Amino acid sequence: MTLDAAAKLAYDISRVRKDFPILDREVRPGVPLVYLDNAATSQKPQQVLDTMRDYYEQHNANVHRGIHTLAEEATALYEGARDKVASFVNAADRREVIFTKNSTEALNLLARTIPLAAGDEVVVTEMEHHSNLVPWQLATQRTGATLKWIGLTDDGRLDLADLDRTITSKTKVVAFVHQSNLLGTVNPVDVVVAKAREVGAITVLDASQSVPHMGIDVQALGVDAVAFTGHKMCGPTGIGLLWGRAELLDSLPPFLGGGEMIDEVTMAGSTWAVLPHKFEAGTPMIAEAVGLGAAIDYLSDLGMDAIRDHEHELTAYALERLQRVEGLRIIGPATTEDRGGAISFALDGIHPHDVGQLLDELGVAVRVGHHCARPACLRYGVPATTRASVHLYTTTGEIDALVEGLDHVRRYFSR
Amino acid sequence: MTVDSMYQEIILDHYKNPHHRGLREPFDAEVRHLNPTCGDEITLRVQLDGDTVKDVSYDSEGCSISQASASVMADLVIGKDLASATSTYDEFLELMQSKGQLEPDEDVLEDAIAFAGVSKYPARVKCALLAWMAWRDAVGQARGEVGESTT
Ligand SMILES: Cc1ncc(COP(=O)(O)O)c(C=O)c1O
């Protein structure tokens, strides 16, 4: 047996798919689901569903405050999930892992608390998800700082020639996406970080689309803070993550005030709890954190390398087949080099809404619109795109269904 | 329910050959409306002559449903007096909110009856209404009412 064949055996896609009950459902009688909207959210394996159910059936209590058995169990499960996250992204210290509602909240936390003043500059890129753009627009407007952005090349990459112009001695924060949800581009984190370090800027990485598909090592990446979101990595909705270097998080003021985040409270004022609790005001999303822990176990058991290889193969296959569809233009890199499996495209003369509607008729779920990255859509002169995106359970057969669906769409609109 | 109930022949005809498209002078008010979830957009102008809708012109980008709807809407309201154009608007709005339960009145809605099928697809109702909402907003502005937000 060749090494290749051994690797394929190890990643048994039909066994993987059995873990996801929803993949068995029909969209309409006789029309099986072909789920290619994974960049929006992932499906959940039975292991995550069972863990959350078991949490509520056996262990539910509020965390941290109680001395009874259930409270201790719930606290251990919640804090255990933090340990799982910390080791999954190779954080140096579990206190650097903050549970939030989603990526959006993690990014808002930073944009709200990192001190900025008039004359300071914040740098983002033109391919940001609105979650890593709008919070910085608000922060710069509030403080009188200036927002700048790194532009894009025609083939969907960061225009690195722009780095020297945008990142200057005035730059306080460089916030950028690891893998674009619109274009699929994987950005060269090292290049951006090196430039940001030269000027002493804080680096913030939006890893919402990279953590679920390739895993990350926060120490190796060299950034100061990272945001990601549980529901895209086979975990539940309602739970996201902020990882930040302890020195950075320690230096920031609290974001939300309330229970759990305090040390001592008097009517005259309060002092703050230590990390991570300083940034976790109120009762947290306990069941969701526990569910996320189960998702991380699931991903780790499959192995992030195996997942990445599987998706790389699918992406290559999809790019190849899609580019042979008449009138189809890929928006973003057309090769697999530094690219993930979210593939946006335009179909000549047919609006994405109509493409998505007709594909749905065939059970194929894709996303249409600007994918919360409107500036990048404008940059490429399209009001919207159709986007197909893969995950660890996607098959080449599903890519075939998409391509056949697109042929059907073209015939439908040329009648 | 099949998608053919939405993509009626009339709709595809208007989509391929839209009526009254292209911005024209003169006009009393111009508005721009966006459908933020999908990126459809329309810039629409209205010219009133007393109580008559003298002209409606537009420039738009979007899916077949939103484009066809703009074309049908312009056909329906141009030349009408405001009261009857507004009641056509009301009737179309009601049709689009009917989830496929309403039998449309062809005497009032003419080609717009073809959108009855769209009302069964909640995600697409906004597409069908985009041009109508823009029209109503523009009429309000032309008459000096406080304009609605133009998003
Ligand atoms: C690149 C990127 N950033 C941020 C987000 C926001 O994630 P959430 O909506 O879970 O906060 C998403 C997902 O939509 C995304 O793809």
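Residues numbered from 1 in each chain as written. Chains lettered and ligands numbered in written order. Predicted model: local features only at pLDDT ≥ 70, side-chain atom pairs only at ≥ 80, totals over all residues. Heavy atoms only, no water.

Participant: Can you tell me about the interface of chain B and chain A, naming the residues and giving the values?
Facilitator: In this complex, chain B contributes 26 residues to the contact, which on the side of chain A involves 17 residues. Approximately 1700 Å² of surface area, both sides summed, lies buried where chain B meets chain A, with 47% of it carried by carbon and sulfur atoms. Ranking the residues of chain B by area buried against chain A places Val3(B), Tyr7(B) and Cys38(B) at the top, with a combined share of 26%. The interface formed by chain B and chain A contains two salt bridges. Between Arg374(A) and Glu41(B) there is a salt bridge whose closest N-O contact spans 3.5 Å. (Contact = heavy atoms within 4.5 Å. Buried area = accessible area lost by both parts, 1.4 Å probe. Salt bridge = Lys/Arg side-chain N within 4 Å of Asp/Glu carboxyl O.)

Participant: So what's going on with the sheet that holds strand β2 (residues 40–49) of chain B? Residues and values would help.
Facilitator: Residues and elements named next belong to chain B. Pairing is antiparallel in the open sheet, where three strands are placed in the order β1-β2-β3. Two strands lie at the open edges of the sheet, namely β1 (29–35) and β3 (52–61), each paired on one side alone. Sheet twist, expressed as the mean angle between neighbouring strand axes with direction ignored, is 20°. Sheet topology note: the β2/β3 ladder contains nine bridges and is antiparallel. Pairing of Leu48 across the sheet is with Val53, part of β3. Sheet contacts for helix α5 (residues 122–142): β1, β2 and β3; angle to β1, the most-contacted strand, approximately 150°. (Pairing = 2+ DSSP bridges. Helix = DSSP H or I, 4+ residues; strand = E, 2+ residues; numbered from the N terminus. Axes fitted to C-alpha atoms, helices over the stretch in contact; angles between N-to-C directions.)

Participant: How would you sum up the site of the ligand? Please name residues and give values.
Facilitator: Residue and element names in this part refer to chain A. Around the ligand lies a shell of 13 residues, among which Thr104, Asp206, Gln209, Thr229 and Lys232 are the nearest. A distance of 3.3 Å is found between a nitrogen atom of the ligand and a side-chain nitrogen or oxygen belonging to Ser208. A total of 390 Å² of accessible area belongs to the ligand in isolation, and the protein chains cover 88% of it. In terms of residue class, the shell around the ligand is built from one nonpolar, 10 polar and two charged. (Near = heavy atom within 4 Å. Polar contact = N/O pair within 3.5 Å; in protein donor to acceptor, adjacent residues only side chain to side chain. Areas by Shrake-Rupley, 256 points an atom, 1.4 Å probe, with all protein chains shown as cover. Nonpolar A, V, L, I, M, F, W, Y, C, P; charged D, E, K, R; others polar.)

Participant: Can you explain the environment of Arg53(A)? Please cite residues and give values.
Facilitator: Within the secondary structure layout, Arg53(A) lies in helix α3 (residues 46–59). Here the alpha-carbon distance between Arg53(A) and Leu406(A), two residues 353 residues apart in the chain, equals 39 Å.

Participant: Lay out the environment of Met267(A) with the relevant residues and their values.
Facilitator: Inspection of the secondary structure puts Met267(A) in the loop between β11 (262–266) and β12 (269–272). Distance in space between the C-alpha atoms of Met267(A) and Thr315(A) is 58 Å, their sequence separation being 48 residues.

Participant: Explain the side chain of Ser64(B) to me, using residue names and the numbers behind them.
Facilitator: Here Ser64(B) lies in helix α2 (residues 64–77). Residue classification places Ser64(B) among the buried positions, given a relative accessible area of 0%. Within polar-contact distance, the side chain of Ser64(B) engages the side chain of Asp354(A) at 2.6 Å. In this view, Ser64(B) contacts Asp354(A), Phe413(A), Tyr7(B), Ile11(B) and Tyr15(B); residues no more than four positions away in its chain are not counted. (Buried < 20%, exposed > 50% of the residue type's maximum accessible area, 1.4 Å probe, protein only.)

Participant: An account of a negative patch on the surface is needed here, citing residue identities and associated values.
Facilitator: Among the surface-exposed residues, Asp13(B), Asp75(B), Asp105(B), Glu106(B), Asp107(B), Glu110(B) and Asp111(B) lie close enough to one another that they form a single negatively charged patch. With respect to the element layout, Asp75(B) can be found in helix α2. (Patch = residues over 30% accessible without salt bridge, like charges linked within 9 Å, V, L, I, M, F, W, Y side chains within 5 Å. Lys, Arg positive; Asp, Glu negative; His and termini not counted. Charge placed at Lys NZ, Arg CZ, Asp CG, Glu CD.)

Participant: Could you give an account of the pairing of strand β10 (residues 240–244) of chain A, naming the residues involved and the relevant values?
Facilitator: Residues and elements named next belong to chain A. The buried count for β10 comes to five of five residues, which makes it a mostly enclosed element. On β10, burial covers both faces: Gly240, Leu242 and Gly244 on one face and Leu241 and Trp243 on the other are all buried. Bridging between strand β4 (residues 97–100) and β10 involves four bridges; their strand directions are antiparallel. The residue of β10 that forms the bridge with Phe99 is Leu241. With five bridges joining them, strand β9 (residues 225–229) and β10 adopt antiparallel strand pairing. Bridged to Thr229 within β10 is Gly240.

Participant: Give a detailed account of the domain arrangement of chain A, specifying residues and quantitative values.
Facilitator: Residue and element names in this part refer to chain A. According to the domain assignment, chain A consists of domain 1 (3–32 + 303–414) and domain 2 (49–301). The interface of domain 1 with domain 2 comprises 35 residues on the first partner and 33 residues on the second. Both faces considered, domain 1 and domain 2 share a buried interface measuring about 2600 Å² in area, 56% of it formed by carbon and sulfur atoms. When the buried surface of domain 1 facing domain 2 is broken down by residue, Met304, Arg379 and Tyr380 rank first, second and third, together holding 23% of it. At the junction of domain 1 with domain 2, the criterion picks out one salt bridge. Between Asp154 and Arg379 there is a salt bridge, and its shortest N-O distance comes to 2.9 Å. (Domains from an automatic or database assignment.)

Participant: Explain the pattern of salt bridges residue by residue, including any values.
Facilitator: Residue and element names in this part refer to chain A. Throughout the structure, instances matching the rule amount to 27 salt bridges over all chains. Between Arg367 and Asp37 there is a salt bridge; the shortest N-O distance is 3.0 Å. You can see Arg367 sitting in strand β16 (residues 367–369) and its partner Asp37 sitting in the loop between β3 (34–35) and α3, a full 330 residues away along the chain. You can call Arg367 partly exposed: its relative accessible area is 39%. Judged by relative accessible area, Asp37 falls into the buried class, the value being 7%.

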